[in-house]
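Next come the chains, spelled out residue by residue.
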Amino acid sequence: MGATVSGAPMSLVLGVVMDPIEHIKPWKDTTLALLLEAERRGWTLLYMEPGDLFLRDGRVRAMVRPLRVFDSHRAWFERDEPREYDPAEMDIILMRQDPPFNQEYLYTTYLLDKVEREGVLVSNQPDSVRDRNEKLFATDFPQCCAPTLVSARKDQLRAFAREHGDTVMKPLDEMGGNNIFRVEKDSPNISVIIDLLTHQGRTPIMAQRYIPQISAGDKRILMIGGRPVDRGLARIPGQGEFRGNLAAGGSGEGRELTDRDYWICEQVGPTLERAGLHFVGLDVIGDYLTEINVTSPTCVRELDQLYDRNIAGELMDYLLDLRRGAGTAYGS
């Protein structure tokens with residue numbers, strides 16, 4: 001692992017497991033922001049895609065590519081030819097693979113579990129990512145959520161829509177606003193929507209009472225070590241849209257956190273810290289928590305630009321404290 005002088009790292013080895021770097025949008029990609037910060041610190045970057053991890057005779061190995069990154073919209077990376085490497089020799093591994101949380105994702109968490117047991121700091125902790133579905137996880141804090149139903153049954157979903165009048169229905173394993181429907185109780189398409197999302201009653205989905213405050217934005221609150229970054233990004237729906245996701249055409253506006261936002265963070269934060277969920281994005285609409293993003297939370301670059309911050313640097317400082325065994329809470 002990386003050498004140290006007087007307890008301070010000289011040159012750490014940072015591995016990153018991510019989707020193909022050539023397909024990212026560099027001007028807004030949070031993973032690139034994290035890698036740029038690591039490179040500014042002189043760390044060695046080793047790039048992996050999920051399929052590059054493998055197991056041989058009980059030990060995890062990886063085909064890694066040494067990586068260099070640049071803050072450019074045209075040419076943001078260079079990488080060398082792949083070579084076999086022992087992930088246990090890395091200091092920190094960032095798990096930054098996007099959903100959907102499918103079998104490929106599941107197997108990646110199993111392999112990184114083994115690497116973590118070798119003493120490598122994996123962020124976020126693989127078993128916690130695996131065990132906490134981003135939409136279902138929010139329901140662990142019902143005091144923070146709007147009325148919610150998770151079911152595959154058409155009769156229950158229709159009854160929920162009748163009860164609340166205006167409902168949002170969405171799959172449990174998507175991201176970026178994909179396949180989210182707003183359903184009114186008398187909508188002629190409600191049966192079609194339910195059949196589509198539940199795969200004819202086989203797959204549970206989430207139904208939530210529609211929150212009108214979405215017109216003011218779906219606020220992303222970033223959490224480091226269970227503590228909030230003190231500014232959030234409100235994703236404002238585009239014209240004719242009810243989804244605030246930037247990937248669905250929403251626009252971002254910076255917002256100060258409200259007293260209610262801080263209360264929600266206080267409810268959720270201790271669980272995040274205990275679970276090794278070091279870097280998380282809470283989605284809050286109005287007064288309600290709607291999702292807890294544990295896989296690859298975004299919005300760092302937008303917040304950095306708006307508030308002249310270096311959130312990636314704050315996260316790296318926190319991870320370094322964890323690696324040293326200090327366990328210092330972010331913001332304390």
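Everything quoted here is computed from the prediction, not taken from an experiment.

What counts and how
- Residues numbered from 1 in each chain as written.
- Predicted model: local features only at pLDDT ≥ 70, side-chain atom pairs only at ≥ 80, totals over all residues.
- Heavy atoms only, no water.
- Phe/Tyr/Trp six-rings, centres within 6.5 Å; stacked < 30°, edge-to-face > 60°.
- Buried < 20%, exposed > 50% of the residue type's maximum accessible area, 1.4 Å probe, protein only.
- Lys NZ or Arg CZ within 6 Å of the ring centre and 35° of its normal.
- Pairing = 2+ DSSP bridges.
- Helix = DSSP H or I, 4+ residues; strand = E, 2+ residues; numbered from the N terminus.
- Axes fitted to C-alpha atoms, helices over the stretch in contact; angles between N-to-C directions.
- Contact = heavy atoms within 4.5 Å.
- Salt bridge = Lys/Arg side-chain N within 4 Å of Asp/Glu carboxyl O.

1. Considerations on the packing of aromatic side chains
Part 1 of the argument: Applying the stated criterion to the full structure yields 3 aromatic pairs.
Part 2 of the argument: Aromatic pair Trp76 and Phe77: ring centres 6.1 Å apart, planes at 55°, arrangement tilted.
Part 3 of the argument: According to the relative accessible area criterion, Phe77 is partly exposed, its value standing at 21%.
Part 4 of the argument: An angle of 20° between the planes, with centres 4.6 Å apart, marks the rings of Phe101 and Tyr105 as stacked.
Part 5 of the argument: The class of Phe101 is partly exposed, set by a relative accessible area of 26%.
Part 6 of the argument: Here the guanidinium or amino end of Arg132 rests over the ring plane of Phe137, the centre of that ring lying 5.6 Å away.
Part 7 of the argument: The ring of Tyr307 is capped by Arg231, whose NZ or CZ atom sits 5.5 Å from the centre of that ring.

2. Some details on the sheet that holds strand S13 (residues 181-184)
Part 1 of the argument: On the basis of which strands lie adjacent, the open sheet formed by 4 strands has the order S11-S14-S12-S13 and antiparallel pairing. Looking at strand neighbours, the two that pair on one side only are strand S11 (148-151) and S13, the edges of this open sheet. Between one strand axis and the next, the sheet turns through 25° on average, direction left out of account.
Part 2 of the argument: Set on the sheet, helix H4 (residues 154-164) makes contact with S11, strand S12 (166-170) and strand S14 (205-209); between it and S12 the angle comes to about 145°.

3. Digging into unusual backbone geometry
Part 1 of the argument: Following Pro99, the chain continues to Pro100 via a peptide bond in cis, the omega torsion being 15°.
Part 2 of the argument: Along the chain, Pro100 turns up in the loop between strand S9 (92-96) and helix H2 (103-117).
Part 3 of the argument: A cis amide bond, omega 0°, links Ser123 with the succeeding residue Asn124.
Part 4 of the argument: Inspection of the secondary structure puts Asn124 in the loop between strand S10 (121-123) and helix H3 (126-131).
Part 5 of the argument: Even without glycine at this site, His199 takes up a positive phi of about 55°.
Part 6 of the argument: Along the polypeptide, His199 turns up in the loop between helix H5 (190-198) and S14.
Part 7 of the argument: Given a relative accessible area of 42%, His199 falls into the partly exposed group.
Part 8 of the argument: Although it is not a glycine, Cys299 sits at a positive phi angle of roughly 90°.
Part 9 of the argument: Take Cys299: it is sitting in the loop between strand S20 (288-293) and helix H7 (300-307).
Part 10 of the argument: Looking at Cys299, the relative accessible area reads 2%, which means it is buried.

4. Remarks on the pattern of salt bridges
Part 1 of the argument: All told, the structure shown has 32 salt bridges when counted by the stated rule.
Part 2 of the argument: Here Lys170 and Glu291 are joined by a salt bridge, their closest N and O atoms 3.4 Å apart. Highlighted residues: Lys170 in strand S12 and Glu291 in strand S20, separated in sequence by 121 residues. Residue Lys170 shares its accessibility class with Glu291, and that shared class is buried.
Part 3 of the argument: Here Asp321 ties to Arg324 by a salt bridge, and the two come within 3.6 Å at their closest N and O atoms. With Asp321 and Arg324 both in helix H8 (residues 311-324) and 3 residues apart, this pair spans about one turn of that helix.
Part 4 of the argument: The exposure class assigned to Asp321 is partly exposed, which follows from its relative accessible area of 21%.
Part 5 of the argument: Through salt bridges with shared partners, a single network forms among Arg59, Arg61, Glu84, Asp86 and Glu118.

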